[in-house]
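Secondary and tertiary structure notes
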Amino acid sequence: MKKKEYTTVDLMKFIFAICVVAIHTSLLNVNDSFSAWLVSSLLLRSAVPFFFVISGFFLADKIFRFDRSEKDKIRLTTKNYCRKLLPPLMVWGGVGLIIDIFSRISQGLDLMHILFYAFRTIVYPKNAMWYLLALIIGAVIITELYLRTNKWWVPWIFISIIGYTFVLLCNNYYFLIDDTAIGSVTSLYIKLCESARNGIFYSPFYIGLGFVIQNAYKKGWLLRFKKTACGGLIVGVVLILLEASLIYELPYLDDRGVFISQVILIPCIVIICLLHDIKIELPYKLMRRLSTSIYFTHRTISSVIVSLPFYNENTIVLFVVTTIAAIIVALISYRINNEKVHAVFG
């Protein structure tokens, strides 16, 4: 039986991988431009939540092939899924750790400060590898919830509300608790752990959402929400633009990448991508692989570029060169007939 291809999902993954490069090369200076802030809020910041939901969707596809009573097989499925994420996490996260240590040394920091930042890098891996660690932890949490109760979605909703609320307060909604005792504790948490976007507070919501969507997809319910998803997309776009407008100049923590409206916008994007296949002939399989490899390598590549003596701090050039270099690295790695290389580069 031919495996179903999700062409629209593959295209969106590639587009969103480019969006992640745009974020990390500061292509849009959101602090100096309100219009750039709106574009970033709507498009660029939708990338990672989309990745989490789609990852949850495909993990659930593997898990739902087993009866719920086959717990060992389900746990093994999640274990194998997480194991595949470890090579890029260790390699690219390790590279990020090394770069960060040398950067701290060059700043003249003492050993204790260097060890502190090394600890923070391990808790929240550099080179955008926090996503993989959050994916691993979130996948384990949702799998265990699914196995322990038939109504797994009840505790999932509970922990999602608590976790996502905390992430919002540690991000765009810090202004609600600024100058309070809770704000001081939250600020201290960010100083220690760098971000609340991790596998405890952030990813379980979106990965669980992927499970819910996969369940609806398998049972044929998703088609009923086709028009609803299209309407929800429009509503989500309007809401996130309005939300971004209202909070633009307010105090925040972290990267300003978490919004309430994403709870509506992201699942609608995913559902539309799943139900609408693009008929245009494009190299979707290659784009799928490129999206992964671009995400894995772009931070290391951009770090190398900005360290060059002739780099002129032009963010457009940095974005373009980083993207092109990441694609070239990916294409070269694909031509190397080595499973370990493919595991690291995606």
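See the structure printed just above.
Residues numbered from 1 in each chain as written. Predicted model: local features only at pLDDT ≥ 70, side-chain atom pairs only at ≥ 80, totals over all residues. Heavy atoms only, no water.

Right, let's get into the overall build of the chain. When you go through the chain residue by residue, the secondary structure sums to 14 helices and zero strands. Taking 20 Å as the expected radius of gyration for a compact globule of 346 residues, we find that the chain reaches 20 Å, a close match to that expectation. With 346 residues in all, the chain has 49% of them scored as buried. Of the contacts formed within the chain by residues at least 6 apart in sequence, a portion of 80% connects residues at least 24 apart. With an accessible surface of roughly 17,500 Å², the chain has 68% of that area assigned to carbon and sulfur atoms. Seen as two clouds, the 34 positive and the 21 negative side-chain charges of the chain have centres 10 Å apart. (Helix = DSSP H or I, 4+ residues; strand = E, 2+ residues; numbered from the N terminus. Rg over C-alpha atoms; globule rule 2.2 N^0.38 Å. Buried < 20%, exposed > 50% of the residue type's maximum accessible area, 1.4 Å probe, protein only. Contact = heavy atoms within 4.5 Å. Areas by Shrake-Rupley, 256 points an atom, 1.4 Å probe, with all protein chains shown as cover. Lys, Arg positive; Asp, Glu negative; His and termini not counted. Charge placed at Lys NZ, Arg CZ, Asp CG, Glu CD.)

This brings us to the side chain of D100. As for its position among the elements, D100 is in helix α4 (residues 71-106). In this structure the side chain of D100 is engaged in a polar contact, spanning 3.4 Å, whose partner is the side chain of T121. Residues within four places of D100 in sequence aside, it is in contact with Y117, T121 and K126. (Polar contact = N/O pair within 3.5 Å; in protein donor to acceptor, adjacent residues only side chain to side chain.)

When we look at burial in helix α2 (residues 34-42), the residues that qualify are A36, W37, L38, S40 and S41. Here the buried face of α2 lies against α10 (226-247).

With that settled, the discussion passes to the packing of aromatic side chains. The geometry of an aromatic ring pair is captured by the separation of the ring centres together with the interplanar angle, meaning the angle of the planes. Inspection of the entire model under this criterion finds 36 aromatic pairs. Measuring from ring centre to ring centre gives 6.0 Å for W152 and F211, while their planes differ by 70 degrees; the resulting arrangement is edge-to-face. Residue W152 is found in the loop between α6 (130-148) and α7 (153-169), and its partner F211 is found in helix α9 (residues 203-218); the two are separated by 59 residues along the sequence. Comparing W152 with F211 shows no difference in burial state: the two are buried. Between Y202 and Y206, the ring centres sit 5.5 Å apart and the planes meet at 70 degrees, which makes this aromatic pair edge-to-face. Note on accessibility: Y202 and Y206 belong to one class, buried. One Lys or Arg, R68, reaches over the ring of Y146 and ends 4.1 Å from the middle of that ring. Of note, R197 hangs over the ring of W130, and the distance from its end group to the ring centre comes to 4.6 Å. (Phe/Tyr/Trp six-rings, centres within 6.5 Å; stacked < 30°, edge-to-face > 60°. Lys NZ or Arg CZ within 6 Å of the ring centre and 35° of its normal.)

Between its first and last C-alpha atoms helix α13 (residues 315-335) spans 30 Å; for 21 residues at 1.5 Å apiece the expected length is 30 Å, and the two agree. Looking at the packing, one finds that the buried side of α13 touches α1 (7-24), α12 (284-307) and α14 (339-345). The residue sitting at the N-terminus of α13 and contributing the capping side-chain oxygen is N314; that oxygen lies 2.9 Å from the backbone nitrogen of I316. (Expected span 1.5 Å × (residues − 1).)

This next bit is on a nonpolar patch on the surface. Taken together, I316, V317, V320, V321, I324, I328, I332 and I336 make up a surface patch of nonpolar side chains, about 650 Å² in accessible area. Take V320: it is sitting in helix α13. V320 gets classed as partly exposed once you look at its relative accessible area, which sits at 37%. (Patch = residues over 30% accessible without salt bridge, like charges linked within 9 Å, V, L, I, M, F, W, Y side chains within 5 Å. Salt bridge = Lys/Arg side-chain N within 4 Å of Asp/Glu carboxyl O.)

A few words on the pattern of salt bridges. In total, this model carries 13 salt bridges according to the counting rule given. E70 serves as the salt-bridge partner of K73, at 3.1 Å between the closest nitrogen and oxygen. Note on E70: relative accessible area 27%, which makes it partly exposed. For E194, the salt bridge is made with R120, and the minimal N-O distance between the two is 3.7 Å. Highlighted residues: E194 in the loop between α8 (181-193) and α9 and R120 in helix α5 (residues 111-123), separated in sequence by 74 residues. R120 matches E194 in its accessibility class, with the two residues each being buried. Counted as one network, the salt bridges with shared partners bring together R45, R197, D254 and D255.

Following both chains from N to C, one finds helix α3 (residues 47-63) and α4 inclined at 140 degrees, their axes separated by 9 Å at the closest point. Classified by the angle their axes make, α3 and α4 are oblique. Considering the relative orientation of α3 and α4, their crossing is right-handed. Contacts between α3 and α4 pair S55, L59, K62 and I63 from the former with I74, T77, T78 and Y81 from the latter. Class assignment of the residues belonging to the contact of α3 with α4 gives a composition of four nonpolar, three polar and one charged. (Axes fitted to C-alpha atoms, helices over the stretch in contact; angles between N-to-C directions. Parallel < 35°, antiparallel > 145°, perpendicular 65-115°, else oblique. Left-handed = near helix turned anticlockwise from the far one by under 90°. Nonpolar A, V, L, I, M, F, W, Y, C, P; charged D, E, K, R; others polar.)

To continue, consider unusual backbone geometry. Within the chain, N127 stands out as a residue other than glycine whose phi angle is a positive 60 degrees. Mapped onto the fold, N127 is located in the loop between α5 and α6.

A word on the environment of E194. In the structure, E194 is positioned 77 residues away from Y117 in sequence and 9.7 Å away in space, judged by C-alpha atoms. Once residues lying within four places of it in the same chain are set aside, the contact partners of E194 are R120, Y124, K126, Y189 and D254.

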